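Single-letter residue listing:
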Amino acid sequence: MTTLARWRAAKEAETGEKDRRPYLASECTDLSKCEKWRLEIIREISKKVAQIQNAGLGEFRIRDLNDEINKLLREKRHWENQISALGGPHYRRYGPKMFDSEGREVPGNRGYKYFGAAKDLPGVRELFEQEPPPPPRKTRAELMRDIDADYYGYRDDDDGILLPLEEKAEKMAIQQAVAEWKEKQARGDTATEEEDEDDIYTVDADVDESSKQVSNDDPMGLLGPRFTAHVPVPSQKEIEAALLRKKKQELLEKYGI
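Here is what the cut-offs are and how they apply
Residues numbered from 1 in each chain as written. Predicted model: local features only at pLDDT ≥ 70, side-chain atom pairs only at ≥ 80, totals over all residues. Heavy atoms only, no water. Helix = DSSP H or I, 4+ residues; strand = E, 2+ residues; numbered from the N terminus. Contact = heavy atoms within 4.5 Å. Areas by Shrake-Rupley, 256 points an atom, 1.4 Å probe, with all protein chains shown as cover. Core = buried A, V, L, I, M, F, W, Y, C linked by side-chain atoms within 4.5 Å. Buried < 20%, exposed > 50% of the residue type's maximum accessible area, 1.4 Å probe, protein only. Phe/Tyr/Trp six-rings, centres within 6.5 Å; stacked < 30°, edge-to-face > 60°. pLDDT = per-residue confidence, 0-100. Salt bridge = Lys/Arg side-chain N within 4 Å of Asp/Glu carboxyl O. Axes fitted to C-alpha atoms, helices over the stretch in contact; angles between N-to-C directions. Parallel < 35°, antiparallel > 145°, perpendicular 65-115°, else oblique. Left-handed = near helix turned anticlockwise from the far one by under 90°. Nonpolar A, V, L, I, M, F, W, Y, C, P; charged D, E, K, R; others polar. Disulfide = S-S within 2.5 Å.

1. Digging into the overall build of the chain
In terms of regular secondary structure, the chain is built from nine helices and zero strands. Moving toward the C terminus, one meets the helices and strands of the chain in the order α-α-α-α-α-α-α-α-α. When contacts within the chain are restricted to residue pairs at least 6 apart in sequence, long-range pairs at least 24 apart make up 57% of them. Of the roughly 21600 Å² of accessible surface on the chain, 54% is carried by carbon and sulfur atoms.

This is the structure in structure tokens:
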């Protein structure tokens, strides 16, 4: 063994084992030592958080630093639990919350956290974008508050738009009905007029024979004048048809068609 090796072994025997932080926090039963290791972990976390602020380190280095910080945070939590178990202060209960640079609480305080430039890594930015809150849902009372006469259409005639449209549609319907009636009337009256337009001066054979017989019976005309009806007397059906045509004509004149 060289002198340097012996000196190093002596130093490790004196101070090295005592100053090395235990792997498990449960192995340390001294409260002051637990406080010491907790403060050492906090200093390491602060150092790495300052390093991770540099976005020029590269994606892989930033991810490694963020993983190391989260590992130290878990180790710090174990030491805090051990301190609480040994009768020390409850740091987790009264400890301050973690906030980002904008003053917002770091998302996922109980899980994996992102620090510094790690929040701008691909796939991480979407985790910090909060969805807009859904619109508030109205209650039944608020919905019923907007229901009035306009909702049921009771005031549609007061807007000055519906009535002119209805009048226009009514006139078009009347014109169409009158046109159809005229067309039917023109086709039906053609045959009727041909039958009705008889020669009013024609005398039936029976009437002619009777007049001849009268003239033979009274050659001097002593029995007084005798009249012959040259206009045919209309029947009951013909009278009803004439009244119907007159009534239709009055309706047409009334509506100005």
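Now, onward.
2. Focus: the nonpolar core
Core analysis: the largest hydrophobic core is formed by 19 residues, its most contacted members being Ile45, Ile52, Ile62, Ile69 and Trp79. Those elements that place two or more of their residues in this core are α2 (31–51) and α3 (59–85). At seven residues, the largest contribution of residues to this core is made by α3. Once you skip the residues sitting within four places of it in the chain, Ile52 turns out to touch Ile62, Leu65, Asn66, Ile69, Phe115, Gly116, Ala117 and Ala118.

3. A word on the packing of aromatic side chains
Going through the model one piece at a time under the given rule, you end up with one aromatic pair. Considering the side-chain rings of Tyr112 and Tyr114, the 5.1 Å spacing of their centres and the 70 degrees angle between planes classify their relative orientation as edge-to-face. By relative accessible area, which is 23% here, Tyr114 ends up partly exposed.

4. Re the confidence of the model for the chain
Should the pLDDT be low somewhere, the predicted coordinates at that spot are not to be read in detail. Across the chain, the average pLDDT comes to 76, with 73% of residues at 70 or higher. When pLDDT is averaged over each element of the chain, helix α9 (residues 236–254) comes out on top at 89 and helix α8 (residues 205–217) at the bottom at 51.

5. What to know about the pattern of salt bridges
Side-chain pairs of opposite charge can arise whenever the charged atoms involved come near each other. The final tally for this structure, using the stated rule, is eight salt bridges. As a salt-bridge pair, Arg21 and Glu40 come within 3.6 Å of each other at their nearest N and O atoms. Pair noted here: Arg21 is in the loop between α1 (3–19) and α2 and Glu40 is in helix α2, with a separation of 19 residues, a long-range link.

6. Observations concerning the environment of Ile41
Position of Ile41 among the secondary structure elements: in helix α2. With a relative accessible area of 0%, Ile41 lands in the buried category. Separated by 38 residues in the primary sequence, Ile41 and Trp79 place their C-alpha atoms 9.4 Å from one another. Residues in contact with Ile41, not counting those within four places in the same chain, are Arg21, Leu72, Glu75, Lys76 and Trp79.

7. Section: the packing of α2 against α3
For the pair α2 and α3, the least separation of the axes is 9 Å and the interaxial angle reads 160 degrees. In this view, α2 runs roughly antiparallel relative to α3, as classed from their interaxial angle. Remark: the crossing between α2 and α3 carries left-handed chirality. In this structure, α2 uses Leu31, Cys34, Glu35, Trp37, Arg38, Ile41, Ile42, Glu44, Ile45, Lys48, Val49 and Gln51 to contact α3, whose residues at the interface are Arg61, Leu65, Glu68, Ile69, Leu72, Leu73, Glu75, Lys76, Trp79, Glu80, Gln82 and Ile83. Split by residue class, the contact of α2 with α3 holds 13 nonpolar, two polar and nine charged.

8. Here we look at the state of the cysteines
For the structure on display, the rule yields zero disulfides. Considering cysteine sulfurs only, Cys34 is the nearest to Cys28, which forms no disulfide, with 3.6 Å between them. A residue is classified by how much of its surface remains accessible, and Cys34, at 0% relative accessible area, is buried.

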